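Here is what each chain is made of, one letter per residue.
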Amino acid sequence: MDSPQPRSTQAANRECLVMAKPAGPRCNMACAYCYYLGKEAVLPKGPGRLPVDMLETYIQQRLQASIGPVVHFEWHGGEPTLLGLDYFRSIVRMQREHLPPGRKVSNGLQTNGSLLDGAWSSFLAREGFSVGLSLDGPAPLHDAFRRSTDGGPTHARVERAYTLLKERGVFVNLLCVLHARNATEPDLVYDYFTGLGATHVQFLPLVAGIARRDSAAAPEMVGEFLCRVFDRWIRGGTGRMVIQNIDEALRPIYGLPHALCVHRETCGDVAVLERDGGFYACDHFVDPDHLIGNLRERSIERLAADPRMIDFGNAKRDTLPRVCRECDLLSSCNGGCPKDRAPAAPGEAGGINRLCPAYRRFFGHGRPELTRLAAHMRAGRPLREFKPLSS
């Protein structure tokens, strides 16, 4: 695990990070648990990609509005690589043309990896992209829910993409959805990622009651999975693999703010730019009620500063039920993502997070060792020299 640092200027200064979705919800896979494919029905009919003129407007305004020395762009989907390599070459060209003196650009690409080949991998390496690659573990676990549109398996293509990226030195963060199949196999999943030589992994729990019933893992199962992975990591993974769930658990103990909006006290600073220029408050709330405006009518800076964005973010904190406000693990969790909350109980402004049993199990389990690890880090000692009590 690296010494935790803010992963972007947004994390440090609460600048609004924009997840641009230039291909919209369009995807070449049909994952059983996908929450975004259905957004096609709520978006206005129009072009299948963010038009080039609007793309350039976005890039120019984002470069002008960013407050840090490094301006970070995130490209998400659906599947953004459906737009083709030339579209992304034009993105890099526009960034260079409009980059103010003394500033730098970084790019992140979230992808299912199925279209990545040698040309893509070389481009991403040459241009310094970081890649978030979705991989749910070894083939039987990954292919259980991550299928192609014709129902075929996808694991071999994704693992091949990972190999190509690593061969070219691209930074890869593996995103593993915890579902009903892989959440029962923490050792198998951990050993698989270790065998791949993975350096950065993030586990994303599917939420029972929101995801399709046959795909979601019970919160108690998610909690046990994360505890087992933590036990494996603390005994041999420190300094070798960054697991973002553990990084988030360590941050409040070490005295750093959370990097993920999921566990920050407030949210509303990770917005979405859709393919038609629509600007939404959150990736999980792309719907008419959370449409802030459109890039054709207002600048990115004005959209991000809209009072509705602030109200949306503050509502996460202000609607916490009493059981959350009085919880001894509140600083670790902060109620989790609002999308995962159950209906509010009588007399409460908001409901408890459906993942609460998992959070309480995991954050409580890890706290003693992480408290010792934080002291070890403050003393300036190498992470690989940390000796857990449980070893």
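Owing to the predicted nature of the structure, the values given are computational and were not obtained by experimental measurement.

*Asks:* Please explain unusual backbone geometry as it appears in this structure.
*Replies:* Backbone geometry follows two general trends: most residues other than glycine have a negative phi, and most peptide bonds adopt the trans configuration. Along the chain, Gly 77 connects to Gly 78 via a cis peptide bond; the corresponding omega equals 15 degrees. Within the secondary structure, Gly 78 is located in the loop between strand E2 (70-75) and helix H3 (85-98). Even without being a glycine, Asn 334 presents a positive backbone phi close to 55 degrees. As for its placement among the helices and strands, Asn 334 is situated in the loop between helix H13 (330-333) and helix H14 (356-378). Judged by its relative accessible area of 11%, Asn 334 is buried.

*Asks:* Could you clarify how one ought to interpret the packing of aromatic side chains in this entry?
*Replies:* Overall, the coordinates contain 17 aromatic pairs when judged by the stated rule. Ring geometry for Phe 73 and Trp 75: centres 5.9 Å apart, planes at 5 degrees, overall stacked. We note that Phe 73, like Trp 75, is buried. A ring pair is formed by Phe 230 and Trp 233, whose centres lie 6.3 Å apart and whose planes are at 40 degrees; its orientation type is tilted. Separated by three residues within a single helix, Phe 230 and Trp 233 lie in helix H8 (residues 219-236), roughly one turn from each other. Owing to a relative accessible area of 0%, Trp 233 belongs among the buried residues under this scheme.

*Asks:* Teacher, can you tell me more about the side chain of His 263 here?
*Replies:* Mapped onto the secondary structure, His 263 falls in the loop between helix H9 (244-254) and strand E8 (270-273). Here the side chain of His 263 touches Cys 333 through a polar contact of 3.3 Å, landing on its backbone oxygen. Apart from the residues within four sequence positions on either side, His 263 is in contact with Glu 248, His 258, Lys 316, Ser 332, Cys 333, Asn 334, Tyr 359 and Phe 363.

*Asks:* Help me understand the state of the cysteines, please; the structure alone is not making it clear to me.
*Replies:* Chemically, a disulfide is nothing more than a covalent bond linking the sulfur atoms of two cysteines. Applying the stated criterion across every chain yields a total of zero disulfides. The thiol sulfur of Cys 16 is not disulfide-bonded, and the nearest other cysteine sulfur, from Cys 261, lies at 11 Å. This cysteine, Cys 337, is not joined by any disulfide, and Cys 282 carries the nearest cysteine sulfur, 5.6 Å off. For Cys 337, a relative accessible area of 9% translates into the label buried.

*Asks:* Can you help me understand the packing of H9 against H14 in this one?
*Replies:* Any two packed helices are characterised by how steeply their axes cross, that is the angle between the axes, and by the distance between the axes. Packing of H9 against H14 brings their axes to within 9 Å, and their N-to-C directions diverge by 60 degrees. Viewed along their axes, H9 and H14 form a crossing whose handedness is right-handed. Listed contacts from H14 to Asn 245, Ile 246, Ala 249, Leu 250, Ile 253 and Tyr 254 of H9 are Phe 362, Phe 363, Arg 367, Leu 370, Thr 371, Leu 373, Ala 374, Met 377 and Arg 378.

*Asks:* Please clarify how the pattern of salt bridges should be interpreted in this entry.
*Replies:* Side chains that carry opposite charge are capable of pairing whenever their charged atoms lie near each other. Considering all chains together, one arrives at 21 salt bridges under this definition. In this structure, the salt-bridge partner of Arg 228 is Asp 187, at a minimum N-O distance of 2.9 Å. Note that Arg 228 is positioned in helix H8 and Asp 187 in helix H7 (residues 186-196), a separation of 41 residues in sequence. Residue Arg 228 is classed as partly exposed on the basis of its relative accessible area, which comes to 30%. Exposure remark for Asp 187: the relative accessible area of 27% places this residue in the partly exposed category. With its nearest N and O atoms 3.1 Å apart, the salt bridge here joins Asp 306 to Arg 308. Take Asp 306: its relative accessible area is 6%, and that puts it in the buried class. Within the structure, one salt-bridge network assembled from shared partners comprises Asp 187, Asp 191, Arg 228 and Arg 232.

Definitions and limits used
- Residues numbered from 1 in each chain as written.
- Predicted model: local features only at pLDDT ≥ 70, side-chain atom pairs only at ≥ 80, totals over all residues.
- Heavy atoms only, no water.
- Helix = DSSP H or I, 4+ residues; strand = E, 2+ residues; numbered from the N terminus.
- Buried < 20%, exposed > 50% of the residue type's maximum accessible area, 1.4 Å probe, protein only.
- Phe/Tyr/Trp six-rings, centres within 6.5 Å; stacked < 30°, edge-to-face > 60°.
- Polar contact = N/O pair within 3.5 Å; in protein donor to acceptor, adjacent residues only side chain to side chain.
- Contact = heavy atoms within 4.5 Å.
- Disulfide = S-S within 2.5 Å.
- Axes fitted to C-alpha atoms, helices over the stretch in contact; angles between N-to-C directions.
- Left-handed = near helix turned anticlockwise from the far one by under 90°.
- Salt bridge = Lys/Arg side-chain N within 4 Å of Asp/Glu carboxyl O.

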